[in-house]
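What follows is each chain in one-letter form.
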Amino acid sequence: MVAPTESDASRNPASPPPSAENVLEVRDLRTYFGLDEGTVRALDGVSFDIKRDSVLGIVGESGCGKSVLARSIMSIVQPPGYIPSGEINYTRPVNGVMQTDDLVQLDPDGEKMRSIRGGEITMVFQEPMVSFSPVYTIGNQIMEAVMLHQKVSKAEARNRTIEMLGLVGIPNPERRIDEYPFNFSGGMRQRAMIAMALSSNPKLLIADEPTTALDVTTQAQILELLLKLQEEFGMAMILITHNLGLVAQMAKEVAVMYLGKMVEQTDVGTLFSNPQHPYTQELLRSIPRLGRTKQTSRLTAIKGSVPPPYSRPSGCAFHPRCPKVISGVCEKFTPEPIQLSENQFASCLLYSDAEEHKMGETLPDTTAISSSEPEEKE
Ligand SMILES: Nc1ncnc2c1ncn2[C@@H]1O[C@H](COP(=O)(O)OP(=O)(O)O)[C@@H](O)[C@H]1O
Ligand code: SF4
Ligand SMILES: [Mg+2]
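Here the structure is a predicted model, which is why all the values come from computation and not from measurement.

**Digging into the sheet that holds strand β10 (residues 253–258)**
Strand order in the open sheet formed by 8 strands is β7-β8-β9-β4-β10-β11-β13-β12, with mixed pairing between adjacent strands. Bordering the open sheet on either side are β7 (121–124) and β12 (338–341), each of which pairs with just one other strand. The sheet shows a mean angle of 20° between the axes of neighbouring strands, direction not considered. Bridge analysis of β10 against strand β11 (residues 261–267) gives 6 bridges, and the strand direction is antiparallel. Opposite Val254, over in β11, you have Thr266 as the bridge partner.

**Re the nonpolar core**
Among the nonpolar cores identified, the biggest contains 91 residues, and Ala195, Ile206, Leu239, Val256, Met257 and Tyr258 are the most heavily contacted of them. Setting aside residues up to four positions removed in sequence, Met257 forms contacts with Ile58, Val59, Gly60, Cys64, Gly65, Lys66, Met262 and Val263.

**Brief notes about the site of ligand 1**
In the vicinity of ligand 1 lie 14 residues, with Ala42, Lys66, Ser67, Val68 and Pro309 positioned nearest. Looking at the shell around ligand 1, the elements that each hand over two or more residues are β2 (22–35), β3 (38–51) and α1 (66–73). Sort the elements by how many residues they give to the shell around ligand 1 and α1 lands first, with 3 residues. Residue classes in the shell around ligand 1 are distributed as 7 nonpolar, 6 polar and 1 charged.

**Brief notes about the environment of Leu56**
Note that Leu56 resides in strand β4 (residues 55–59). On the neighbour-count criterion, Leu56 (25 C-beta atoms within 10 Å) is buried. Placed 191 residues apart in sequence, Leu56 and Val247 show a C-alpha to C-alpha distance of 8.5 Å. The residues touching Leu56, leaving out its near neighbours within four places in the chain, are Ile50, Ile238, Ala251, Glu253 and Ala255.

**What to know about the site of ligand 2**
Of all residues adjacent to ligand 2, which total 13 residues, the nearest are Cys316, Cys322, Cys330, Cys348 and Leu349. Its residues placed into classes, the shell around ligand 2 shows 11 nonpolar, 1 polar and 1 charged.

**Quick notes on unusual backbone geometry**
One can expect most non-glycine residues to show negative phi and most peptide bonds to be in trans. Going from Pro79 to Pro80, the amide bond is cis rather than trans, its omega being 10°. Secondary-structure assignment places Pro80 in the loop between α1 and β5 (81–94). The phi torsion at Asn201 lies on the positive side, around 55°, for a residue other than glycine. According to the C-beta neighbour criterion, Asn201 is partly exposed, with 13 such atoms within 10 Å. Unlike most non-glycine residues, Glu209 shows phi in positive territory, near 50°. The exposure class assigned to Glu209 is buried, which follows from the 20 C-beta atoms found within 10 Å.

**Remarks on the confidence of the model for the chain**
Of all residues in the chain, 86% attain a pLDDT of 70 or more, and the chain-wide mean is 86. Here residues 1–7 scores under 50 on pLDDT; set against residues more than four positions off or in separate chains, the count is 18 contacts. Counted against residues more than four places away or in other chains, residues 293–297, with its pLDDT under 50, gives 1 contact.

**So, the pairing of strand β6 (residues 97–102)**
Bridge count for β5 against β6 is 6 bridges, and the pairing is antiparallel. Bridging across to β6, Asn89 finds its partner in Asp102. What sits between the antiparallel neighbours β5 and β6 is a turn of 2 residues, in which Asn95 has the positive phi angle 50°.

**Describing the packing of helix α7 (residues 186–198) against helix α8 (residues 216–233)**
Packed helices, taken two at a time, are described by the angle their axes make and the gap between the axes. Their axes nearest at 10 Å, the elements α7 and α8 cross at an angle of 15°. Judged by the inter-axis angle, α7 sits roughly parallel to α8. Considering only the axes of α7 and α8, their crossing is right-handed. Residue-level contacts link Gly187, Gln190, Arg191, Ile194 and Leu198 of α7 to Thr218, Ile222, Leu225, Leu226, Leu229 and Phe233 of α8. Taken together, the residues of the contact of α7 with α8 sort by class into 7 nonpolar, 3 polar and 1 charged.

Here is what the cut-offs are and how they apply
- Residues numbered from 1 in each chain as written.
- Chains lettered and ligands numbered in written order.
- Predicted model: local features only at pLDDT ≥ 70, side-chain atom pairs only at ≥ 80, totals over all residues.
- Pairing = 2+ DSSP bridges.
- Helix = DSSP H or I, 4+ residues; strand = E, 2+ residues; numbered from the N terminus.
- Axes fitted to C-alpha atoms, helices over the stretch in contact; angles between N-to-C directions.
- Core = buried A, V, L, I, M, F, W, Y, C linked by C-beta atoms within 7 Å.
- Buried ≥ 20, exposed ≤ 12 C-beta atoms within 10 Å, placed from the backbone.
- Contact = placed C-beta atoms within 7 Å.
- Near = placed C-beta within 6 Å.
- Nonpolar A, V, L, I, M, F, W, Y, C, P; charged D, E, K, R; others polar.
- pLDDT = per-residue confidence, 0-100.
- Parallel < 35°, antiparallel > 145°, perpendicular 65-115°, else oblique.
- Left-handed = near helix turned anticlockwise from the far one by under 90°.

Here's what the structure looks like:
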């Protein structure tokens with residue numbers, strides 16, 4: 001039994017109280033981009049939890065909304081992006097008492113969000129040059145981050161920076177602290193970015209494709225390092241990747257994303273042994289495996305490609321690509337998450353009661369086409 005948390009004023013009092021077990025509870029989160037071509041629903045009702053000390057893998061093809069989700073949590077979505085609705089409930093101990101803030105409700109430039117972003121919740125990006133300015137030394141940039149989030153002197157910040165650079169495996173940190181980003185190799189820059197992200201002792205680290213730009217050997221070293229530090233620091237981690245192999249190595253829980261929605265969520269063992277959503281099954285079929293016979297060793301790709309973001313397919317957005325599509329149903333009805341076992345959810349009409357559709361309990365997502373009502377303006 002987990003003690004309920006103390007609510008903060010920024011949280012919606014009508015929502016059920018978050019569990020103290022979870023560092024983050026995201027509820028029905030929507031992030032849209034208003035473009036001339038139409039509204040891009042980059043996140044279209046995303047919900048998930050992440051436990052303290054746990055690693056959640058978020059997987060999906062390119063363009064499914066993974067980075068927008070990370071940016072939404074960090075409160076760095078820039079116009080024309082906006083969050084029309086949803087909650088990001090962040091719970092942590094403050095002076096010994098559990099406190100929850102809904103990050104959606106906080107002013108992105110306000111004092112509270114600035115201390116959470118980069119201090120309590122930090123991020124490692126695919127490309128370290130995004131995080132480091134080329135004109136300052138690596139050391140100065142990490143020291144600045146340390147002093148922004150901790151009350152320490154410049155000398156203490158320098159010592160902490162040297163300690164962190166050593167911890168992430170940078171040789172001679174006392175000397176390399178005064179070098180510039182261009183003096184570092186890609187792998188070393190990525191290590192320095194991890195040092196910066198961890199220097200504030202965060203509660204949650206979001207790693208967005210942290211090793212995609214690196215060679216395979218360096219990838220393995222960086223991932224091993226991230227996992228070791230995640231355990232040592234006792235923090236939660238969201239690992240965003242399009243690579244299911246990485247998820248298998250790193251994560252405990254997995255959420256599979258397709259076009260702005262979580263389509264399946266379960267533990268990593270179940271995901272690989274008993275995937276239930278056709279999209280997950282297709283993703284798994286598309287990864288190469290050792291030991292396949294010659295005839296089957298060819299890589300399979302998922303049929304078709306992710307559709308343009310402002311022309312989202314009706315009903316289940318995966319229906320044009322789904323090998324199990326139920327004709328006349330999947331293009332009309334939007335699947336809701338269904339609990340299939342204690343720790344497995346999938347949003348697929350294969351698992352919902354067909355009678356429900358006939359009774360109209362699942363609302364069609366095609367109201368603009370099938371009714372005479374004017375189309376909803378966004
Ligand atoms: N600044 C932006 N302006 C307009 N559309 C955007 C912007 N950022 C992301 N998107 C759109 O949101 C969708 C999700 O993007 P993203 O989160 O980057 O995908 P992923 O990280 O899964 O590859 C894409 O369709 C992308 O085109
Ligand atoms: S709802 Fe239909 S189209 Fe969507 S994943 Fe399930 S079977 Fe495929
Ligand atoms: Mg991305």
